Amino acid sequence: MTTAELQAGAPSIQSEAFTILSNQPWQSTGVTIPPFVEVMIVYQNGLWTADPDTNGGKPYDAAGCPGLLVPTNQTNYPITGVQMGALVGRLDGGAPFLIGNGPYTIISAAGGALDLCINDDLTGQYGAGLEDNRGNVNVFIYPTNTPPDTGTPLAHDPAQISPAVPAGQLGGLSQLIGTWTNQNLGGSNQGGPQAPFSYNVMPLPQVDPSSPTGYILKNFTYYEELTFTAIHGNAPNRGGIGQQVAYALFYEQRVYFAEGPNKDALIHAENGSLLLLLDSTQPLGPYGNGDSYGLGNQVVKNSVAPTQQYNLVKQVSVPHGNSILALGAYSQANAGPGVPLIPSVSPLPQGIPTVQYTVDDPVTNPQPGLTANPNQVLVNALLLRPCTNFLHLSMSTANGTGAVTNIGYEQQHANVSRYDFNYWL
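What counts, and where the lines are drawn
Residues numbered from 1 in each chain as written. Predicted model: local features only at pLDDT ≥ 70, side-chain atom pairs only at ≥ 80, totals over all residues. Heavy atoms only, no water. Helix = DSSP H or I, 4+ residues; strand = E, 2+ residues; numbered from the N terminus. Rg over C-alpha atoms; globule rule 2.2 N^0.38 Å. Buried < 20%, exposed > 50% of the residue type's maximum accessible area, 1.4 Å probe, protein only. Contact = heavy atoms within 4.5 Å. Core = buried A, V, L, I, M, F, W, Y, C linked by side-chain atoms within 4.5 Å. Phe/Tyr/Trp six-rings, centres within 6.5 Å; stacked < 30°, edge-to-face > 60°. Pairing = 2+ DSSP bridges. Salt bridge = Lys/Arg side-chain N within 4 Å of Asp/Glu carboxyl O. Arc of directions from axis to C-beta. Polar contact = N/O pair within 3.5 Å; in protein donor to acceptor, adjacent residues only side chain to side chain.

Further remarks concern the overall build of the protein chain. Helix and strand content of the protein chain: 4 helices and 23 strands. Taken over C-alpha atoms, the radius of gyration comes to 30 Å for the protein chain, far larger than the 22 Å a tight globule of 425 residues would show. For the C-alpha atoms alone, the extent of the protein chain along its principal axes is close to 105 × 50 × 45 Å. The buried share among the 425 residues of the protein chain stands at 39%. Counted over contacts in the protein chain with a minimum sequence separation of 6, partners at least 24 positions apart contribute 68%.

A separate point is the nonpolar core. Ranked by size, the top nonpolar core spans 34 residues in total, and within it I20, I41, L87, L114, L116 and I141 carry the most contacts. Of all the elements in the fold, those that place two or more residues in this core are β1 (16-21), β2 (27-33), β3 (39-45), β5 (87-91), β8 (112-118) and β9 (134-143). When residues of this core are assigned to their parent elements, the largest contribution, 4 residues, is made by β8. In contact with L87, other than residues within four places in its own chain, are I20, W48, A62, L98, I99, G100, L116, C117 and V139. Counting residues in hydrophobic clusters, the runner-up holds 24 residues, among them F228, L312, V318 and Y419.

Let's shift gears to the packing of aromatic side chains. This structure, assessed with the given rule, holds 9 aromatic pairs. Ring geometry for Y215 against Y357: centres 6.3 Å apart, planes inclined by 50°, an arrangement best described as tilted. Placement of the pair is Y215 in strand β13 (residues 215-217) and Y357 in the loop between β20 (334-337) and α2 (368-372), with a sequence separation of 142 residues. In terms of burial, Y215 and Y357 fall into one category: buried.

Ordered in space as β2-β8-β5-β6, the 4 strands form an open sheet in which the pairing is antiparallel. Both edges of this open sheet fall to β2 and β6 (97-98), since each of them pairs with a single strand only. As paired elements, β2 and β8 share 4 bridges and run antiparallel to each other. Its bridge partner being in β8, S28 is matched across the sheet by D115.

To continue, consider the pattern of salt bridges. Across all of its chains, the model carries 5 salt bridges by this definition. R90 is the partner of D115 in a salt bridge, and the nearest nitrogen-oxygen pair spans 3.2 Å. Linking D115 in strand β8 with R90 in strand β5, this pair joins segments that are 25 residues apart in sequence. Where D264 meets K263, a salt bridge forms, and the shortest distance between an N and an O atom there is 3.5 Å.

Attention now goes to the pairing of strand β18 (residues 312-318). Remark: a regular strand shows side chains that alternate across the two faces of the sheet. Taking burial as the measure, the 7 residues of β18 include 5 buried ones, the bulk of the element. Two strands pair when backbone bridges link them, and strand β17 (residues 266-281) and β18 are joined in this way by 6 bridges, in the antiparallel orientation. Bridge pairing in β18 places L275 opposite V313. Connecting the antiparallel pair β18 and strand β19 (residues 322-328) is a turn made up of 3 residues, with G321 showing a positive phi of about 110°.

Structurally, K218 is set in the loop between β13 and β14 (220-230). Apart from residues no more than four positions distant in its own chain, K218 is found in contact with N200, M202, L204, F257, I267 and T364.

Among the residues of helix α3 (residues 376-384), those classed as buried are V377, A381 and L382. Looking down the long axis of α3, one finds its buried residues gathered within 140° of arc, a one-sided arrangement. Here the buried face of α3 lies against β11 (199-200) and α2.

It is worth spelling out the side chain of Q243 at this point. Mapped onto the elements, Q243 comes out in strand β16 (residues 242-257). The exposure class of Q243 is buried, given its relative accessible area of 8%.

Next up on the list: the pairing of strand β22 (residues 403-406). Side chains V404 and N406 project from β22 onto a buried face, and the interleaved A403 and T405 project onto a face without burial. Note that β19 and β22 share 4 bridges and pair antiparallel. When the sheet's bridge partners are listed, I324 is paired in β22 with V404.

Both trends apply: most residues other than glycine have a negative phi, and most peptide bonds are in trans. Cis geometry marks the peptide bond from G102 to P103; its omega dihedral reads -5°. Within the fold, P103 resides in the loop between β6 and β7 (104-106). Between S162 and P163 the backbone carries a cis peptide bond, its omega angle lying at 0°. For P163, the position within the fold is in the loop between β9 and β10 (178-181). The phi torsion at N55 lies on the positive side, around 55°, for a residue other than glycine. Summarising the element assignment, N55 is placed in the loop between β4 (48-49) and β5.

Note that V339 resides in the loop between β20 and α2. In sequence terms V339 and S396 are 57 residues apart; their C-alpha atoms lie 23 Å from each other. The contacts of V339, once residues within four sequence positions are left out, are L382, P386, C387 and F390.

So, about the environment of Q183. With respect to the helices and strands, Q183 occurs in the loop between β10 and β11. For the pair Q183 and G233, spaced 50 residues apart in sequence, the C-alpha to C-alpha distance is 32 Å. Other than its neighbours up to four places away in sequence, Q183 contacts Q190, G191 and G192. Among the polar contacts made by the side chain of Q183, one reaches the side chain of T181 at a distance of 2.6 Å.

Below is the structure:
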């Protein structure tokens, strides 16, 4: 049995914040870590000191006193040979381990109760011990995320022989039916959930002295699961003398962090439908047979098929409180042999400082090169595995009567004004 299998069936723990005092020995967190459950410990804030005569009397964080290592012969310290004043831990009274500022990962076959303390002379054998210590540090303890099972379709199409899926009327949308996940390409280790060809740029409002520009970045690579199913039939819109028939795919999408502190957590979910609209004459009566019982092929006298500029529709529901209607023209889809030309895009906002977008930061902006052009990942994927034919589906809320509607909070703080969508198949 693998660790992932054990984790999936094992009890978990709740995320907890704790304050660890510098003048106390081993302190119980009250957390009992289950066997084979991976748990993280990370320093958040606070300062302390294990000896007021070191570091110029200045306190320090959970990494410990800069440049001062515990002598290896002073074994009354929890751990020797590492920094004095560092944060240390133990499980069920066992061998101590160095945590420092973290993030520190624990995974134990036996599990046990977690204790934390400062790396200092706990009984005063070599001096004042804990009596002259000052300050405290705050830590956060949380279980790491287990990867989702992307092998199971998010949506299921009930079995039905008749009516069958109208694949002939779905056009290029029929190529989407099934479940799509990130996979390694060309025999390489690139493309799957560990190194996906996908990158997201996310600016977030934040009014705080630590973000003087009024916003922060939360950029990351991601992997996803996307399932499309076709409805067994169609959805006709009748207008009196003509009708417009919608042939539909339903879809469910889940997107997960592929890197960063919250790796494998769900970052985005949505569902909705894709429609291909076809024009036709209007059936006579409710079922094309006038008022007679049964199905027929009669049409309204002088029936005329309507026309529309846009015949491709994406309806989107996002649980942030957004609903989206994007339109496109399937007849104008960019299809052909060879490799598609993926355009370069810049996510830089206008009228505000953008220095964050160029800074290499492992948490907020891990790959500045991709931040400058998120579409570069698609170019990289095509270089690794060139295609021979492609179909381009494009829709936008800027087309026709497309629209975005948002709940009140979103309107006030992060109003989505436009949505553009492109699939290259």
